[in-house]
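Secondary and tertiary structure notes
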Amino acid sequence: MNRENYQAEGQPERSGRRPRAHKKGRIRYSMKMLSLFLAILIVIAAVAGLVWVLSVLNDTPQIQARNIYDYIEKNTIIYDNTGSQLEVIGREENRIIVPLNRIPKTMQNAIVAVEDERFWGHSGLDYRRIAGSAWRNLTTDSRHGGSTITQQLAKNVYLTHDQTWSRKIQDAYYAIEIENQLSKEKILEAYLNTINLGGQNHGVEAASQAYFAKSVSELDLVESALIAGITRHPARYSPIRFIPAEDVTEEHIVYGDYQEYKIVFDERTVPRYRTVLGQMRRNNYISEEAYQQALAEGERLHERIDPVRYDSNEDSGQFAEFIRDEVVSAFVEQGSTIDEARQIVSTGGLRIYSTLDQEMQNVLEEEFENPDNFPPSLRDSDGNLLRDEFGNVQPQAAMIISNPYTGEIKALMGGRETTGSGTFNRAVGTGRPVGSSIKPLAAFIPALDNDHTVASVIDDLPVYFDFNNPGRRHPQNVGDTGYLGLINLREALTLSSNVSATKLLDELSPSVEGSIDVMREYLNAFGIEHHDYDYSTVLGSGSASPYTMNRAFNALANRGVYKELISFTHVTDASGNVLLDQRGKIGSGEGDRRVVDADVAYLITDMLQHAVTPANEGYGWQAAIHPENEGIPVAGKTGTSQEQRDAWFVGYTPYLSAATWMGYDRNESLGSSSVVSARLWSKVMGRIHDMEGYQNQEFPRPGNIIEVEVCRISGKLPTELCEQDPRGSQVITELFISGTEPTEDCDTHVSVQVNRNTGQAPRWFNLPFQLEERVYFVRPEPYDPQDHDGITPRDYQYQLPTD
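What comes next is a walk through the structure.

Let's shift gears to the pattern of salt bridges. One pass over the structure, following the stated rule, counts 38 salt bridges. The shortest N-O distance in the salt bridge between E117 and R118 comes to 3.3 Å. With a relative accessible area of 26%, R118 lands in the partly exposed category. When salt bridges with common partners are traced through the structure, they connect K214, D220, E223, E297, R300 and R304 into a single cluster.

Structure representation (structure tokens):
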């Protein structure tokens, strides 16, 4: 039986569909298993994802959004005495916090329109935007973010800008937390104060100051839209960029210089500006008319830019550094540690209201930039300025200007041709030898305050105050002054006599130690402290800064009342709460102390005015700001240290005071005397007084000051002989504190009969016609040149002959 027949007879016939159905069943089974497997994987992945998300959230610190500004390092702003911004102190970011009510609605609307148009409706996350961004990212090569304003705020304040999933989870979580804790208005305010708007500018106020040189409260629609457009890509859409000077072409719109770069307009900001306007129109934040007008204005957008903040004033920056240090010290005095004080000043968003007068500062800077005002600078063979290892030109200089009646510092220069922060401020630094500028404080005021008068007479003769070498004449008068003979205190100060100043010091006490103690007491009262005190101190061997010398002389201008100098009036936090207040020190204020009687202060002022008056041939005559030192008089004192290493002028007018120093940082000889400092002082102060419109005014004379005629070389009431002095009448009118004027007649002048031919005493054989009466003077103590190497003082020929 064949196979076909066997099958047909022994078995029923099989259907031809059964094998196919079995195959499909297996496929369905496989699909079910695969689906189950995928479902399990999805569940596992979801659980794992949820666990991971929970893990990320578990590691995410809790926040208190109500204190959101505590998480932001805020820049401290220094203002000048008119309230204009002078300097910003901060870290890498320039940020100025402002409340929402100071930000125009157009600025708020522009940001919302271009950054998060559904901001007012969502609760922190915009799911519609997230989905749209995800779809565009999948279907195009571009990358679109779905972050809301709240999410970006969370990222700016609490997180980094890392592009990671964990960071995205955290900013979403923080966004929800912020929305739960803050109102929409507070969220928008915080965002507007934290967004990056190009360069170091964070927040709309900083950007407004940087690009338009005005506060955000003054911005219009055009300026608001421009700033709002920067947020998308700050490096690309900022309206300015910095390019090397050599790359500038005629097509560039140049605003100015910044270090080695040129500041130019960035055209890429224009299309972005138009995009912002379009978004504002689409969301009905502006009308069609306003939209069209703003579009047309976009063609002239470059004309709106005024990046003055980048034209950095590094000289006022040095003043700002000084103010910062002063504020830090004030916080330390209140109990803060030095680190805490520095932290709050650097990042606390303080508002420091300084005393600086920007117009006076500008004059000071201009004169310091003029090389003709200084001794010749060191140059190489090609005429280029040579700089030392610290980058400084030499010689250097410093000057400080203040109001002696309020203590307010008005202007300050700590060096010439100094750049950048952290440079040495010579106006307030460790100080240099002050030379003769110390004499009024160390000798003449103590003398006037202790039984001397302006008319008191000193015999300016060789002295021997080198206690280690008693045979050495010391000190000696400088230059061709020589020894001056009988002079009063006014002349001694005008001619800056070293001998007279030292003799005055020696007369303060019966002992050397006592005299030094009296000098120390007075100098300390004027705020001057040295490490060592001896007789050379009266000649200016000790060091002080222009700041210290200006403060000391202010007490003379202020009628004997010592005031501490102040560089700021008060300090507030960003909300206006006062943290430090020195306004009570202005005028007759806190901390003032009388160091010398007002009458004595006036006498020394008049003597210092005499020293500057050209007709009196004093060293300070070039400091006068008006001819013959009239109109607005200057009272002051020059100072030159040994070998002309330092040149000083410290002085004041009825309005302002100032101290000027010149010298080499390496303590080398200037080759010039103090006249260079006096001349610079005059130029600066003359310009400032003219600029301020100060009227002619004398120093106010106290009612207790009287005028009395006296003999110049005796200080006593004059006689007829005083008028007959062979040098001319020695009768002068001098100032006295009432009750200290002389009551005795001059006994220094004498009339004697001499041989008219020889000038010697008469001999027995002289006939009457050979004799005549001549007027001489008699020294308080006899002086014989033979005892002093033949040295004769200036008046020697007029003293009574000893033969």
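On we go.
Attention now moves to a nonpolar patch on the surface. A contiguous nonpolar surface patch, about 1000 Å² in accessible area, is contributed by I27, M31, M33, L34, L36, F37, L38, I40, L41, I42 and I44. As for its position among the elements, I27 is in helix α2 (residues 18–58).

All right, on to the nonpolar core then. One finds L441, F444 and F526 to be the most contacted residues of the largest nonpolar core, which totals 92 residues. Of all the elements, helix α13 (residues 314–333) adds the most residues to this core, at 8 residues. Filtering out sequence-adjacent residues up to four positions away, L441 remains in contact with P446, Y522, L523, F526, I528, A552, F553 and L556. Counting residues in each nonpolar core, the second largest holds 55 residues, with A110, F119, V157 and I178 among its members.

A separate point is the state of the cysteines. A complete count under the given rule lists 0 disulfides for this structure. This cysteine, C711, is not joined by any disulfide, and C722 carries the nearest cysteine sulfur, 3.6 Å off. Take C746: it sits in no disulfide, and the sulfur closest to it among the cysteines is that of C722, at 3.6 Å. On the basis of relative accessible area, C746 is assigned to the buried category, the value being 8%.

Here we come to empty space enclosed by the protein. Scanning the entire structure with this criterion turns up 1 cavity of 30 Å³ or more. Considering only enclosed or pocket space, the largest cavity measures out at about 40 Å³ in volume. Among the elements that make up the lining of the largest cavity, the one with the highest residue count is strand β19 (residues 635–640) (3 residues). Looking at the lining of the largest cavity residue by residue, the class counts come to 4 nonpolar, 5 polar and 1 charged.

Thresholds, definitions, all that
Residues numbered from 1 in each chain as written. Predicted model: local features only at pLDDT ≥ 70, side-chain atom pairs only at ≥ 80, totals over all residues. Heavy atoms only, no water. Salt bridge = Lys/Arg side-chain N within 4 Å of Asp/Glu carboxyl O. Buried < 20%, exposed > 50% of the residue type's maximum accessible area, 1.4 Å probe, protein only. Patch = residues over 30% accessible without salt bridge, like charges linked within 9 Å, V, L, I, M, F, W, Y side chains within 5 Å. Areas by Shrake-Rupley, 256 points an atom, 1.4 Å probe, with all protein chains shown as cover. Helix = DSSP H or I, 4+ residues; strand = E, 2+ residues; numbered from the N terminus. Core = buried A, V, L, I, M, F, W, Y, C linked by side-chain atoms within 4.5 Å. Contact = heavy atoms within 4.5 Å. Disulfide = S-S within 2.5 Å. 1 Å grid on protein atoms, 1.4 Å probe; cavity = no way out; pocket = protein on both sides within 12 Å on 5 of 7 lines; lining within 4 Å. Points joined across faces, edges and corners; volume = space filled by probe spheres on them. Nonpolar A, V, L, I, M, F, W, Y, C, P; charged D, E, K, R; others polar.

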